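Remarks on the overall topology
Each chain, written out:
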Amino acid sequence: MDQITFHHDTVLSDIHMLLPNARHLMTRLNHVGQPVFISNFKILLNDERLDNNDPGKSLEQEKCDDPREDLEKDTNATQETVGEEGGEGNVELCLDEDGDLHITHRPRKYPVEGRGRDLVCPIILKQSNPLLEQEEENTDDTADKCFKDIIRIEHTMATPLEDVGKQVWRGAFLLADFILSQPVMFRGATVLELGAGLGFSSVVMATTAKTVYCTDVGEDLLSMCKRNVTLNRHMTEPAGGEVRVRQLDWLQHSLCTDADGEFSWTEEEVADLYDNTSFIVAADVCYDDDLTDGFFRTLYRLCSNFTHTCTIFISIEKRMNFTLRHMDVSCDAYNYFSHCLSQLHDLTDGRCCFRVEQLPSNFAQFFLYERIEQLELWKVSTTPLPFDQAQPDSEPFLAYPGFTWEQRNSTEHTDPAHG
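Here we summarise the structure given alongside this text. (Residues numbered from 1 in each chain as written. Predicted model: local features only at pLDDT ≥ 70, side-chain atom pairs only at ≥ 80, totals over all residues. Heavy atoms only, no water.)

1. What to know about the overall build of the protein chain
Inclusion rule: Each helix is a run of DSSP H or I of at least 4 residues and each strand a run of E of at least 2, with the numbering of both proceeding from the N terminus. Per-residue accessibility, obtained with a 1.4 Å probe over protein chains only, is compared with the maximum for each type, and a residue is labelled buried under 20%, exposed over 50%, and partly exposed between these values. When checking whether two residues touch, look at their non-hydrogen atoms; a contact exists if any pair is within 4.5 Å. The method behind every accessible area is Shrake-Rupley, applied with a 1.4 Å probe, and residues are considered shielded solely by the protein chains displayed.
In terms of regular secondary structure, the protein chain is built from 14 helices and 14 strands. The buried share of the protein chain, reckoned over its 419 residues, is 46%. Contacts in the protein chain between residues at least 24 apart in sequence constitute 74% of all its contacts with a sequence separation of at least 6. Roughly 22300 Å² of accessible area belongs to the protein chain as shown, and the carbon and sulfur atoms make up 51% of that amount.

2. Overview of the packing of aromatic side chains
When we look at a pair of aromatic rings, we describe it by the centre distance and by the angle of the planes. Quick note on the threshold: The criterion for an aromatic pair is that two Phe, Tyr or Trp rings (for Trp, the six-membered ring) have centres within 6.5 Å, with stacked assigned to planes under 30 degrees apart, edge-to-face to planes over 60 apart and tilted to the rest.
Following the criterion strictly, the structure yields 19 aromatic pairs and no others. An aromatic cluster of at least three residues, connected via ring pairs, comprises Phe41, Phe173, Phe200, Phe367 and Tyr369.

3. Some details on the pattern of salt bridges
What counts, and what does not: Whenever a carboxyl oxygen of Asp or Glu lies within 4 Å of a side-chain nitrogen of Lys or Arg, that contact is scored as a salt bridge.
For the structure on display, the rule yields 14 salt bridges. Its salt-bridge partner being Arg244, residue Glu269 comes within 3.4 Å of it at the nearest N-O pair. With a gap of 25 residues between them, Glu269 in helix α11 (residues 267-276) and Arg244 in strand β7 (residues 242-247) connect regions that are remote in the sequence. In the salt-bridge network here, residues are joined through shared partners; they are Asp14, Arg170, Asp284, Glu317, Arg319 and Glu370.

4. Notes on the packing of helix α12 (residues 289-305) against helix α13 (residues 332-344)
Rule in force here: Note on geometry: axes are C-alpha line fits, over the in-contact stretch for helices, and angles between N-to-C directions span 0 to 180 degrees. In what follows, roughly perpendicular refers to angles from 65 to 115 degrees, roughly parallel to angles under 35, roughly antiparallel to angles over 145, and oblique to any angle outside these ranges. Take the far helix as the reference: if the near one is turned anticlockwise from it by less than a right angle, the crossing is left-handed, and if turned clockwise, right-handed. Each residue is assigned to one of three groups, with Ala, Val, Leu, Ile, Met, Phe, Trp, Tyr, Cys and Pro labelled nonpolar, Asp, Glu, Lys and Arg labelled charged, and all others, Gly among them, labelled polar.
It is at 10 Å that the axes of α12 and α13 come closest, and there the two elements cross at 25°. By the angle between their axes, α12 is roughly parallel relative to α13. The element α12 and its partner α13 pack so that their crossing is right-handed. On α13, the residues touching Asp289, Thr292, Asp293 and Phe296 of α12 are Ala333, Tyr336, Phe337, Cys340, Leu341 and Leu344. Partitioning the contact of α12 with α13 into residue classes produces seven nonpolar, one polar and two charged.

5. Concerning the pairing of strand β4 (residues 150-155)
Applied cut-off: Think of it this way: DSSP has to see at least two bridges between two strands before they count as a pair.
Buried residues dominate β4, accounting for six of its six residues. Side chains Ile150, Arg152 and Glu154 project from β4 onto one buried face, and the interleaved Ile151, Ile153 and His155 project onto a second face that is buried too. As judged from the six bridges shared by strand β2 (residues 35-42) and β4, these two strands associate in the antiparallel manner. The partner of Phe37 across the bridge, within β4, is His155.

6. Details of a nonpolar patch on the surface
Rules: Exposure above 30% relative accessible area and the absence of a salt bridge qualify a residue for a patch, where like charges join within 9 Å and nonpolar side chains (Val, Leu, Ile, Met, Phe, Trp, Tyr) within 5 Å.
A surface patch of nonpolar side chains, about 580 Å² in accessible area, is lined by Met320, Phe322, Leu324, Met327 and Val329. Among the structural elements, Val329 can be located in strand β11 (residues 328-330).

Spatial relationships are all this shows, so hold off on functional conclusions.
In C-alpha cells:
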C-alpha cells in the first residue's frame, strides 16, 4: 500500500487535511478493516494562544497576512528595483532551475516551518489484535510523560458519511476551546456528551469535570473512543476526571443496560445520569435531518426526566453546498438545525422550559485550527416546571416527522431509572 486513495463518496475533515506539527502515521487497521491513524493535538500555551477577544486586532492581523497585499508589495518592490537600475531593460532576472521567474517574498510574520502537515505514511498493514492493543496500553504510562499538554487521538481518514464520527471535526475544537476557557463552570460536574465520536471533547471536558459520559453508537466507533480515553489518561487522571464510554442511540427510546454489552449502562450510572447531569454537550452532530430529529428527541426526553436545571452547549459548522434542487449554494442541514432550535426557543411544553441563545465565539483559542465564521456555539438552558404548571395535554412538542405527543407520552418513562 504505497498511498491512501480517497474515493468520490468519502469526506475528509479539514482538521486532518491541514494538521500541523503532528505525528500522522497509520498505525493499524481497525476491526472493520479501515486504516487507523494517530494524531497529536497540542494545547497551546499562553504565549502561543490565539486571542479572539479583539476583533479589530484579528482583522489587522488578517490584513497583514493577506497574500494580495504581499503580491502588491512584491510588485511595487520589483518596479522600484527596475527604476533604480535606470529602466533601460537590462535588469537581470532570477530564474529557477526550470526557467520560471523566481520572486523573493517578504519574510512572513509567522514562520512556516513546523506549520505544515507531516507526510501521511502507512507503516503497518495488519488487522487489529486485542492482545497487541493491550500490550501497547501497558507501555503508555512511560510515554505519557512525553505527551504533557498533548491530546493523542486515533482516527480514520476520508470516511463515508455514515462513519464521519471516526474523524475529528472543527466543531469539536470549538467546543473544546469553550470548555478550556470556562474551567470553573464545569469543575466537578457530571457531563453527558451526545455523539461524542472519537471522544476528543470528552477528554478535554474530563480535565475539569468529575464524570463525563462519552456516548455514541457502533461497537467499532466506541472501541476507538475507549482506546482514545486510555491514550489520554495523562490528561484526565491528574485532574481527577473520569470518562465512561457508553452506548446511547438517539433512535432508541431507552438506554442499553444489557449486562453482556461492553458499553452498556449499569443501573447506578443511569441513576447518576438522571440525578446529577448538569451539562449536555454535542459537537457537529447535526448533518443529517433524521439524525437531527433523533438528537432533539433525545435532548427532550432526557431533560424532561431531569428534576434539576441543565445547560446544553451545541457547536456546529454551517456547511455550504451547491445543490441541483436549488441550483444555488445552500446549507440544508444547518437550516433544519436552526428550525429545530427555533421550535425550542421560549417553548414551555410538558415538564420542561427551554431557552435558546447563540454565544459569541470570541473566547481564547487553545488549539491550532482555522476558526471560520461558519462555526457557531449555541446554549440551551432547561428548567423543570413545577407540577402544577406542567401541561401533559398540550400540543406536540416539536413538529418532527413521525414524532407525536402520544409517542412522547408512551416513551416518557421507558428509561430504566424511571421504569
